[in-house]
Amino acid sequence: MKIRTIAIAAAILWALPALADEGMWLPALISERIADMQSKGLRLNAEDLYSVNNASLKDAIVLFGSGCTGELVSDEGLLFTNHHCGYGYIQKHSSVEHDYLKDGFWAMNRAQELPNPGLTVKFLDRMEDVTSEVFKGIKPKMSEEKRNALIKKNIDAIIKKAADQSKGLVAQVNALYYGNQYFLYVFREYRDVRLVGAPPSSIGKFGGETDNWMWPRHTGDFSIFRIYSDKDGNPADYSEDNIPYKPKKSFVVSTKGVKEGDFTFVYGCPGSTQEYVHSEAVRYIQDVSDPEKIALRTTRLGIMKKYMDQSQAVRIQYSSKYASVANAWKKWQGEEKGLRKNKVVPVKQAYEKSFEEWAQGSAYEGLTSRLANLYAARNPIYRAYEYYNETVRSIEKLRIVSGRPFDMKDYYRPIDEETFVAMTDAFDKALDDSYKPAFFLEKRAQYGSMKALKDAVFADDALAKELADALDGFYFENIVPKVRELDKSITLTYKEYMKGQMAFEPQKAFYPDANLTLRIAYGHVEGYRPADAVYYTPVSTLRGIIEKDNPEIFDYNIPQTLRDIYARGGYEDQPVCFLATNHTTGGNSGSPVLNADGQLIGINFDRVWEGTMSDLVYDPEICRNISLDVRYLLFVIQEIGHAGYLLDEMNLY
Ligand code: ARG
Ligand code: GLU
């Protein structure tokens, strides 16, 4: 009997670590996780990760631009992020004479570094729980309107008090757990960020769309920037007088590498997750939203590809657009598959059933059916909105005539004409006429087919503009407000349901959904089984790049220098990328991947597509983040960029 109890206790202890790789934790509350992190291998304390008074690792991390992460690697403001995060800036500096996208770019001294107007980086100065201040004056019986107005007023006051323009301090207040908790974030925002280096795309984007979201992966997905400040270290607009920013903290770059089983953590800015949603929300994504959007994008990508394959010029015009359409398209495929495989809908339904049994007679009773009803009302309307977005809004002609930002040098009319016919047709067939403006119905009757309507629209800008205005007007005036109204009720109900879930499972450690602010995810280096009888090991090498190398295939055509270096011998085992179990999402691109001592071992840039349902539910068996091994970055700087001087300012260990 006793032995059995011990065996069960041991089994439970054994089971816990596997579960615990899930989570994106708040740095300011990391003391609640630190014992678990240490038991798995971390050799640092909570104060080393996040401290208000002393320099800590958080001071070496930035939100890069509007949706990526970057990390400081020298005390002269040198910063690493992904190639795909720097892509737009590298492109802006590129021309036919200096094609930095194709050939790479390396500043050989400070004077050659290239400024990027509009690019900012934000350091987190501090974060603070301000829930009680946000709720100050709220009375239980208050109307929703009054309540919202007061919350807004309180938030504005908190922000005003915390922000300080003269020091470059910007503040924001974010709701966590659907408004059960509020945090103030104070950032220092730097505005002079210069491009220092980028590998050629044949390294930085090696594998292209073919390998995107996949393992085995061999992408050298990094670019290098430098932050500049005024002479006192404060944020300043670009000026020749600015000096390299001296950060409070920068990362030690480890050259020791990783192996299977090693503890790692990712410290960055995950954008958005929905871990606590109702089964109906998941069902909609799995059965409606993902499959329909995938099908629409398959059509669009097919049209683009047909013309891109015929012409080098068109390929250049559309490669960036193709990449962004393909990126979510591929992610959704993995997500849909993962949700089904994990039976997330029935598992959530069973959870909701036991939640309701527990909630009987309490304030939480009936919340799950209220949510189901709200989704039943919202889903058809939201579906129409998503359809409009994926079809009508993808037509460049309509974008151009309505004056939305568009670069005409990247326009190829045959692609757009074919897209118009395919997308308006899909929009028309999928949706009830009540989701279409009268003008559209009129023109449909008048021309008889979308092909005929297309001919008319492309021959007459006034007609194109009328059509665009009718569709946009209808959606923004009729559909979007309805979705917003329902979303407001859904969020309010989630606020109670979230509180209920926490009361229902008091032993469980909850983490708030991602919101593009700093989080810590931790796990270990590990491979995975993508399918029966297949195991993927977690480290890729230069050998694999040479195996994929093929001058005939654009995605796999590596620079000749790399072939020559490989031929010299000795580089077969040069590590390139590795897998780990860290729970990450979009926005984590460019995040520092750290070892047990907090040293930089990699740069996060992707997840495996079989595990992308981790935005809704994390499965430790299959959810993996993909990182660039920092040793490949060092190799590329030296051997391809011949910019080894950059290593002198790094703290290599
Ligand atoms: N999948 C990665 C992310 O979500 C990389 C995207 C850029 N690369 C690409 N081949 N499209 O951002
Ligand atoms: N590539 C993604 C990004 O840009 C990260 C991949 C993901 O985990 O979604 O943030």
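## Brief notes about the pattern of salt bridges
- Per the stated rule, a full pass over the model turns up 54 salt bridges.
- With its nearest N and O atoms 2.9 Å apart, the salt bridge here joins E128 to R126.
- Note that D615 is salt-bridged to R607, the shortest N-O span being 3.0 Å. R607 carries the same exposure label as D615, and that label is buried.
- Through salt bridges with shared partners, a single ionic network connects E76, R110, E113, R226 and E649.

## Focus: the site of ligand 1
- Taken together, H84, K205, G208, E209, N212, W213, A323, N327, F605 and D606 are the residues near ligand 1.
- Side-chain polar atom of N212 to a nitrogen atom of ligand 1: 2.8 Å apart, as the coordinates give it.
- In this structure, N327 approaches ligand 1 through a side-chain N or O atom, which is 2.9 Å from a nitrogen atom.
- Within the complex, the protein chains bury 84% of what would otherwise be the 340 Å² of accessible surface of ligand 1.
- Those elements that place two or more of their residues in the shell around ligand 1 are helix 9 (208-211), helix 11 (312-341) and strand 19 (600-607).
- Residue classes in the shell around ligand 1 are distributed as three nonpolar, four polar and three charged.

## Focus on the sheet that holds strand 13 (residues 519-524)
- Across the sheet, which stays open at both edges, the seven strands sit in the order 13-12-18-19-20-17-16 with antiparallel pairing between neighbours. One side of each edge strand has no neighbouring strand; the edge strands of this open sheet are strand 13 and strand 16 (539-541). The average undirected angle you get between the axes of adjacent strands in this sheet is 30°.
- Bridge count between strand 17 (residues 575-580) and strand 20 (residues 625-629): four bridges; the pairing is antiparallel. Counted as the bridge partner of A580 is N625 from strand 20.
- Contacts from helix 21 (residues 630-640) reach strand 17, strand 19 and strand 20 within the one sheet, and its direction differs from that of strand 20 by about 40°.

## Observations regarding the site of ligand 2
- In the vicinity of ligand 2, the contacting residues are H84, W213, T585, G586, G587, N588, S589, F605, D606 and R607.
- One of the side-chain N or O atoms of S589 is found 2.4 Å from an oxygen atom in ligand 2.
- Burial of ligand 2 by the protein amounts to 89% of the accessible area it has alone, namely 300 Å².
- Sorting elements by how many residues they give to the shell around ligand 2 places strand 19 first, with three residues.
- Among the residues forming the shell around ligand 2, the class breakdown is two nonpolar, six polar and two charged.

## Digging into the state of the cysteines
- Tallied over the entire structure, the rule returns one disulfide.
- Between C269, a cysteine without a disulfide, and C68, which holds the nearest cysteine sulfur, the sulfur-to-sulfur distance is 9.4 Å.
- We note that C623 lacks a disulfide partner, and the nearest cysteine sulfur, in C577, lies 19 Å from it.

## What to know about the side chain of D211
- Tracing the backbone through its elements, the reader meets D211 in helix 9.
- The exposure class assigned to D211 is buried, which follows from its relative accessible area of 5%.

## Concerning helix 15 (residues 413-430)
- The terminal C-alpha atoms of helix 15 lie 25 Å apart, and with 18 residues this matches the ideal 26 Å at 1.5 Å per residue to within 8%.
- Taken together, the buried positions of helix 15 are I415, D416, E417, T419, F420, M423, T424, A426, F427 and D428.

## Things to note about the packing of helix 16 (residues 438-447) against helix 18 (residues 461-504)
- Their axes nearest at 9 Å, the elements helix 16 and helix 18 cross at an angle of 135°. Between helix 16 and helix 18, the angle falls in the class oblique. Mapping the contact onto sequence places F439, F440, K443 and Y447 in helix 16 and L463, E466, L467, A470 and L471 in helix 18.
- Broken down by class, the residue content of the contact of helix 16 with helix 18 amounts to seven nonpolar, no polar and two charged.

## Focus: the packing of helix 10 (residues 279-310) against helix 12 (residues 344-359)
- Orientation of helix 10 relative to helix 12, taken along the N-to-C sense of each, is 170°, at an axis distance of 9 Å. It follows that helix 10 is roughly antiparallel to helix 12 by the angle criterion. Facing S279, V282, R283 and Q286 of helix 10, the residues of helix 12 in contact are V344, V345, K348, Q349 and E352.
- For the contact of helix 10 with helix 12, the per-class residue count stands at three nonpolar, three polar and three charged.

Definitions and cut-offs
- Residues numbered from 1 in each chain as written.
- Chains lettered and ligands numbered in written order.
- Predicted model: local features only at pLDDT ≥ 70, side-chain atom pairs only at ≥ 80, totals over all residues.
- Heavy atoms only, no water.
- Salt bridge = Lys/Arg side-chain N within 4 Å of Asp/Glu carboxyl O.
- Buried < 20%, exposed > 50% of the residue type's maximum accessible area, 1.4 Å probe, protein only.
- Near = heavy atom within 4 Å.
- Polar contact = N/O pair within 3.5 Å; in protein donor to acceptor, adjacent residues only side chain to side chain.
- Areas by Shrake-Rupley, 256 points an atom, 1.4 Å probe, with all protein chains shown as cover.
- Helix = DSSP H or I, 4+ residues; strand = E, 2+ residues; numbered from the N terminus.
- Nonpolar A, V, L, I, M, F, W, Y, C, P; charged D, E, K, R; others polar.
- Pairing = 2+ DSSP bridges.
- Axes fitted to C-alpha atoms, helices over the stretch in contact; angles between N-to-C directions.
- Contact = heavy atoms within 4.5 Å.
- Disulfide = S-S within 2.5 Å.
- Expected span 1.5 Å × (residues − 1).
- Parallel < 35°, antiparallel > 145°, perpendicular 65-115°, else oblique.

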